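Single-letter residue listing:
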Amino acid sequence: MRAGLIVNPRSGKTSGKGLVLANRLQGRGAVSIKIIENFAALPELLQECASEDVTDLFISSGDGTIQAIQTLLAERRPFPHLPNLCLLPHGTTNMTAADLGFRHRSIDAQARMLQELHVSERCRRPTLRIANPRDGQPRHGMFLGTGAITEATSYCQRVFNARGVKGNWATFATLAGAVGRTMFSASNPNDPNRFDRPYPISVTANGRPASSGLQLLMLVTTLEKLILGTRPFWGDGDGAIRATVLPYPVPNLVRWLLPIMYGGDGRKGPRGAISLRAKHLEVSTPIDFVLDGEFFSPPENEALRIETGPDFTYIRA
């Protein structure tokens, strides 16, 4: 077994955690260390790790870099076998690492794991494979959203992340502002400054129509929990992909907000909401999607295909 460390030094608004870890490990020949100086060089860095027989790949970054690495590993297959992944939450947004990442936050604990690889806990999880985005480049991520999710994510990055407010704090501030506006002012579907607008979203799950018409948002993931520890999924079905569609408008948002976000598996959603599990989805909407914090456009004149990607093994502790 051999560990590799990939550091995106720009993750977390240059928090420096990844570089501190890399410096701690310099001179330790048992660890392959790669710094992403130029994102275009990422395929070459992964190929170097493969040629150095890395079996356990530690990623110091946020959600966007994890998505890029998973995409290259799944689509280009530089390794003869997919490496184990250990996600270190060093980015601006760390939703994937919050669910699947390494449990110990201290640099000392992370350095020891890289050197010793005494793994006591692992889990396996498939990716979401976005098969046909408009640019023709398939992607592998863990969380996808559209509708109000796209608008809210864009707002959060512009207003909060750009000012250095990161992670749960930025998400909470965005959510609180949106809920407050909904509570104290009437819905206006023509107001471009509001997230709670109607968006045309039609969904087919495992080949069967699931939802159509005007919706508030759609969430899709293979994670167990999302940002702020939320679990807005309660439906059953055949497949590892979880999907929830909320209607526009959500009747009595204050009444339904906490049950939607934190209720148990047996909960009921508001009228018009759907929540299900599937092996694959087709989503028709003109609205852009957000995948692990990165934006992309749907294909023209056809539905976006969301498939179950390969299983990755994640090192937890």
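Overview of the structure. From a predicted model like this one, the values you see are computed outputs, not experimental measurements. (Residues numbered from 1 in each chain as written. Predicted model: local features only at pLDDT ≥ 70, side-chain atom pairs only at ≥ 80, totals over all residues. Heavy atoms only, no water.)

Their axes nearest at 11 Å, the elements helix α2 (residues 42-51) and helix α3 (residues 63-76) cross at an angle of 65°. Viewed along their axes, α2 and α3 form a crossing whose handedness is right-handed. Mapping the contact onto sequence places L42, P43 and L46 in α2 and A68, I69, L72, L73 and R76 in α3. Here the residues of the contact of α2 with α3 sort into 7 nonpolar, no polar and 1 charged. (Axes fitted to C-alpha atoms, helices over the stretch in contact; angles between N-to-C directions. Helix = DSSP H or I, 4+ residues; strand = E, 2+ residues; numbered from the N terminus. Left-handed = near helix turned anticlockwise from the far one by under 90°. Contact = heavy atoms within 4.5 Å. Nonpolar A, V, L, I, M, F, W, Y, C, P; charged D, E, K, R; others polar.)

Now for the pattern of salt bridges. Inspection of every chain in the model, using the stated rule, returns 15 salt bridges. The closest approach of N and O atoms between K34 and E52, which form a salt bridge, is 3.0 Å. Note that K34 is positioned in strand β2 (residues 31-35) and E52 in the loop between α2 and β3 (56-61), a separation of 18 residues in sequence. Its relative accessible area of 30% is what places E52 among the partly exposed residues. Note that E224 and R242 form a salt bridge whose closest N and O atoms lie 3.3 Å from each other. Of this pair, E224 sits in the loop between β11 (214-221) and β12 (241-247) while R242 sits in strand β12, placing them 18 residues apart in sequence. Residue E224 is classed as partly exposed on the basis of its relative accessible area of 37%. A residue is classified by how much of its surface remains accessible, and R242, at 13% relative accessible area, is buried. Three or more residues are tied together by salt bridges with common partners; here these are E75, R129, E302, R305 and E307. (Salt bridge = Lys/Arg side-chain N within 4 Å of Asp/Glu carboxyl O. Buried < 20%, exposed > 50% of the residue type's maximum accessible area, 1.4 Å probe, protein only.)

So, on to the environment of Q70. Structurally, the position occupied by Q70 is in helix α3. Of the residues examined, Q70 reaches a relative accessible area of 0% and is grouped as buried. Residues Q70 and M142, 72 residues apart in the sequence, show an inter-C-alpha distance of 9.7 Å. Leave out the neighbours within four places in its chain, and Q70 touches L85, T127, H140, G141, M142, F312 and Y314.

Under the defined criterion, the tally for this structure stands at 0 disulfides. C123 supplies the cysteine sulfur nearest to C86, a cysteine that is in no disulfide, at a spacing of 11 Å. For C86, a relative accessible area of 0% corresponds to the buried category. (Disulfide = S-S within 2.5 Å.)

Okay, the packing of aromatic side chains next. What the rule picks out here adds up to 2 aromatic pairs. Here the aromatic rings of F289 and F296 are separated by 5.7 Å at their centres, their planes lie at 15°, and the arrangement is stacked. Classification of F296 by relative accessible area gives buried; the value is 5%. Here the aromatic rings of F312 and Y314 are separated by 6.4 Å at their centres, their planes lie at 45°, and the arrangement is tilted. As far as burial versus exposure is concerned, F312 and Y314 are alike and both buried. Positioned above the aromatic ring of W256 is the side chain of R255, whose terminal nitrogen or guanidinium carbon lies 4.0 Å from the ring centre. (Phe/Tyr/Trp six-rings, centres within 6.5 Å; stacked < 30°, edge-to-face > 60°. Lys NZ or Arg CZ within 6 Å of the ring centre and 35° of its normal.)

It is worth spelling out the pairing of strand β7 (residues 143-147) at this point. Two faces belong to every sheet, and in a regular strand the side chains alternate between them. Here β7 lies mainly inside the structure; 5 of its 5 residues are buried. Judged from the 5 bridges that link them, β7 and β11 form a sheet pairing that is antiparallel. Across the sheet, F143 pairs through a bridge with T221, a residue of β11. (Pairing = 2+ DSSP bridges.)

With 14 residues, α3 should cover 20 Å at 1.5 Å per step; its first-to-last C-alpha distance of 20 Å lies within 8% of that length. Taken residue by residue, α3 has D63, G64, T65, I66, Q67, A68, I69, Q70, T71, L72, L73 and A74 as its buried positions. R77 lies just past α3 and shows a positive phi near 50°. (Expected span 1.5 Å × (residues − 1).)

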